[in-house]
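Spelled out from the first residue to the last, the chains are:
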Amino acid sequence: MSELWKLTSGDLHERFTSGAASAVEIVESHLDRADQVEAKIDAILTLDRDHVLAQAKALDAKREKGEPLGMLAGIPIGIKDNICTEGIKTTAGSRILESFVPPYNAHVIDKILAADGIIFAKTNLDEFAMGSSCENSAFKVTKNPWDLTRVPGGSSGGSAAAVAAGIVPLALGTDTGGSIRQPASFCGLVGMKPTYGRVSRYGALAFASSLDQIGPISKDVAGSARLLSVIAGKDPNDGTSIDQEVPDYREALEEEMFGLTLGLPKEYMSDSLPSSIREAVDDVVLTLEALGTSVRAIDLPHTEYAVATYYVVANSEASSNLARYDGMHYGHRTKAPIKNLAESFSRTRSEGFGDEVKRRIMTGTHALSSGYYDAYYLKALKVRRKIREDFETAFEDVDAVIAPTSPVTAFKIGEKIDDPLSMYLTDILTVAVNLAGLPALSLPVGFSGEGLPIGLQIIGQPFEEELLLTLAQGYQVETDHHKKWPQIP
Amino acid sequence: MKREDVEHVAHLARIQLSEEELQTFGAQLESILGYMEKLGELNTDDVEPMPYAVDVKNAYRDNPDHSPLPRDAALKNAPQLDPEGKFFAVPKVIGEISPNQGKSGEAGS
Amino acid sequence: MSQQYEPVIGLEVHLELHLPQKMFCSCPAEFGGEPNTQVCPVCLGLPGSLPVVNREGVLATIRAGLSLGCEIATFTKFDRKNYYYPDIPKGYQISQYDLPLCRKGSLTIDVNGKSKVVGITRVHLEEDTGKLAHVDDRNESWVDLNRAGIALVEIVTEPDMHSAEEAVAYLKELKAILSYLNISDCNMEEGSLRCEPNISVRPVGTSTLGTKTEIKNLNSFKVVLQSVQHEIHRQSAALSRGEEVAQETRLWDEAGQKTVAMRGKETAQDYRYFPEPDIPPLEISKEEIETARASLPTPPKERRKALVEKGIPDYNAEIIVRSQGYADYFEACLSTYNEPHKVSNLLIGGFLQELNQRGISEEDIPIPPEHTATYCRLSEEGGIGKAARKQVLAALFDTGKDPESLVKELGVSQVEDQDEIGKMVDQVIAENEAIASQVRGGKTSAIMALVGQTMKLSKGRANPQIVQEILKKKLEG
């Protein structure tokens, strides 16, 4: 059997454009791989083989004719199922959208198609991207390919598990409070949350509008650089996307990191951090210093407020963003007999939403409601500014910040699901980046004693994605964590 | 959190809760909201709230990009249509008041 | 001893902007259309769609604010107003809460010869809702989202009015001012201008505001007048009986000629306004404000004054300035025929009748103003026989041709030829010898009967002055 699925996105693209492999051969290898492992991983919500093969055939024909090929030609891509794909079911992992088929493509999907990428599958997620474990999906619980009894992280757990298992070499996720970086770290992958406004959100189902960003997940740094180069840029359909030139991010992989100063926040290295993670970070520091950077301790004093701030802001926005799922114009509508319109709304939503979504909508509704707005929502917006100012101050002295991506490695399925607050607290190291709108990249930096991947994130100033890629690539060429594959029994 | 507070927030959010859910969600909301109250520790008197992630302004539409959808596509996902397939059909609106439009309500006597 | 009550009235007006496109997407913002054909992912509120601001909507709102003397915000933003209803597909309406585009304006109205200033609290921009149709024989309602997302301006007054007449005078003046801006057709029947009065009463001499009610579903000035009058009466009567006024929304019941409470319990709304995170805030520059100010038309009041100064009667001026298009048309006519009084008589008389009969808007007259002016001149100077004027005017509307050719084609030009008229006069004298003799005998007043006969003989085309002169010459020597 062909092992094309083991190739990186860059190598696949090279094979395809050079004529060494056809797109059909490539997708067949990935389809075979999916057949082999998907039943154990449960990473995928929708995979239409015919549609995948049709795209591949069209690409082969295009190559035959000698037409110019885009940057993603020959690369199968997994799409988190909260990103709209025209004619392909987009459920957000929710019963309420179980049969929703968008009549339009998200901006990033149009960009991927224009670059000749292959939309391979829609991947599982925590319902409406609310969760850190993928256990909140209404349809299935995705398993971590490194240990099938453990979660892949979330909310982009399906995308991460699919890449880690070799079903696709590249995937899109969304990151509202760590939902790309944390699963990337749990699954031993590269995952990037771009600067807020770098990538259009048009067509990504909003969870928290002022925090959400779409970004890439890949096996290696180059894969994320490639996908980001395609999806970044101003979109007239997203007023919050920013009009700033998009470089070819792959060029950043060639840059030198010599002389850069990096900050390691004291607050992100608490005493409760497991020793395996602490040691992995220490090793990274040694490697980076050997590559000519200097690493110093910095303060981000408002870190302890980040989780509370994040959950107020995110849930408040979510309570409004999810109001549209009321069974009137699309999605699930209750079939129970109802007395009036209000009951139609509330029964529909009770039947359609899972518990975590209900909790977040209710806490967010409370935070915005009359009498509580100032103490919750407005207060959180003020602390949010303090959190951003912490970073601004830090960036006066350092070029980038490094920190563990998660205070834990992949935990057991079911371990935290009954204690929402303890689940929230695992987001402590990722949420501040979203509140501040900064870019951050998580990359694999080792394994725990149990053989579970450990991730480190590099956080930059707005629009300094290139610097993050340079640092990540510099580290990656010195190490081989990214080359390992999980043994899936 | 008092029972009526949970009921109130569930009503605002249009989420129906069973008796059992009222108890469990009530306890969970209490613990989550209690944790959020941690923010009260900080003095933020002179801090400008930050509702947006970046300081962009005046994002006007300069490149119109939405042609209307064909009606079939617009209505494709509707749970219910009128018999001619032109309208979204929704549960009969009786007496529930739209804040924006008197015409949507009905007069009583 | 009956207590006297003083009504306190404020008005909330919604104006639907008729821009080419909707407020946050580029769907056409046309009135009507087949249901659900002017919709896209944004105005359908589909998952993942995002709103982007239409600059024209902002500029139109600024112009509305400036024409009401408002201060324009240099920093403003949109907010979400959260509530559930089938005509708002997102579960919230994009509106403005604490930083409206315009605030602190005023409008001066005239009631019974007295001037009064009504304070404008705020003017803000939001999106319209869809339309809901109730189906009698089915257990369902139908939703058309064509209107959803069309730009809507809300204009809120201070509670400065104290009678139904004042409320209507405000509404009329507001409509005149807004219609001059060409941002909306301001049609109450079709709902592009919607008015919601809020009314309370209090014992005369007290200053605390009473409990107010709001009336919805008012689609004409007349209904506003009737419903506010009724509501004042109803509340005063209730208080007189020692009852309380409930804070509620009421509707006008046309058949019963009274306001009625809307059915259904109304719990206090909690809209949970918060800044719309999908739309970055707006900074309005001084230049933009000044450009908008420079683009404002002369308001109706000033135009009326200018017309009166040209010697046009008050009444004529009032009618002509009701619509900016008509006032412009009037001015355009004057550049061909500079007789303001005469042209104004035509424009409020026969010409306006033709427009009304043909259902033509005063804003959209198909006749070039030169033709109308020429028609007026010909009528006044004798180029068209009096009896033929209506016929020519109708032909002008039917064909749009220039009146001079029409007069020729229809053969209705005035006869001024001395010989031709002389022959007709001779015939009339011969046929009316008795009257002719009376005139010859010195009863000069009888000559008018002969003029009339001659006019009749000419089918109204003869120039009556010439007829009279020839008759005089022939009979009085």
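Description of the structure in this document.

What counts and how
- Residues numbered from 1 in each chain as written.
- Chains lettered and ligands numbered in written order.
- Predicted model: local features only at pLDDT ≥ 70, side-chain atom pairs only at ≥ 80, totals over all residues.
- Heavy atoms only, no water.
- Pairing = 2+ DSSP bridges.
- Helix = DSSP H or I, 4+ residues; strand = E, 2+ residues; numbered from the N terminus.
- Expected span 1.5 Å × (residues − 1).
- Bend = angle between axes of the 7 residues up to and from the residue.
- Buried < 20%, exposed > 50% of the residue type's maximum accessible area, 1.4 Å probe, protein only.
- Right-handed = clockwise from strand over helix to strand, strands pointing away.
- Contact = heavy atoms within 4.5 Å.
- Axes fitted to C-alpha atoms, helices over the stretch in contact; angles between N-to-C directions.

Side note on the pairing of strand S6 (residues 102-111) of chain C
All names here are of chain C.
And step 1. Here two bridges tie strand S2 (residues 71-72) to S6, and the two strands are oriented antiparallel to one another. Each bridged residue has a counterpart across the sheet, and for Glu 71 the counterpart in S6 is Arg 103.
And step 2. Both S6 and strand S7 (residues 114-127) contribute to a ladder of nine bridges, which runs antiparallel. Across the sheet, Gly 105 pairs through a bridge with Ile 120, a residue of S7.
And step 3. Connecting the antiparallel pair S6 and S7 is a turn made up of two residues, with Asn 112 showing a positive phi of about 50 degrees.

A word on helix H12 (residues 374-394) of chain A
And step 1. Counted at 1.5 Å a residue, the expected span for H12 of chain A with its 21 residues is 30 Å, and the 29 Å between its end C-alpha atoms agrees.
And step 2. Of all the bends in H12 of chain A, the greatest measures close to 25 degrees and is centred on Ala 380 of chain A.

Some details on the pairing of strand S7 (residues 261-265) of chain A
Along a regular strand, successive side chains alternate from one face of the sheet to the other.
Residues and elements named next belong to chain A.
And step 1. Of all five residues in S7, five are buried; the element is thus mostly enclosed.
And step 2. Residues Thr 261, Gly 263 and Pro 265 of S7 are buried on one face, and the alternating residues Leu 262 and Leu 264, pointing to the opposite face, are buried as well.
And step 3. Taken together, the five bridges between S7 and strand S8 (residues 294-298) define a ladder with parallel strand orientation. Of the residues in S8, the one forming a bridge with Gly 263 is Arg 296.
And step 4. After leaving S7, the chain enters helix H8 (residues 275-290) and then returns to the sheet as S8, a path that is right-handed.
And step 5. The pairing of S7 with strand S9 (residues 400-404) spans two bridges and is classified as parallel. Paired with Gly 263 across the strands is Val 401, a residue of S9.

Let's talk about the sheet that holds strand S15 (residues 274-275) of chain C
And step 1. The sheet built from three strands is open, its strands ordered S5-S4-S15 (chain C) with antiparallel pairing. The outermost strands of the open sheet, each flanked by one partner alone, are strand S5 (92-95) and S15 of chain C.
And step 2. The pairing of strand S4 (residues 79-82) of chain C with S5 of chain C spans four bridges and is antiparallel. The residue bridging Asp 79 of chain C from the neighbouring strand is Ser 95 of chain C, located in S5 of chain C.
And step 3. Along the sheet, helix H9 (residues 306-321) of chain A contacts S4, S5 and S15 of chain C; its crossing angle with S4 of chain C, the most-contacted strand, is approximately 60 degrees.

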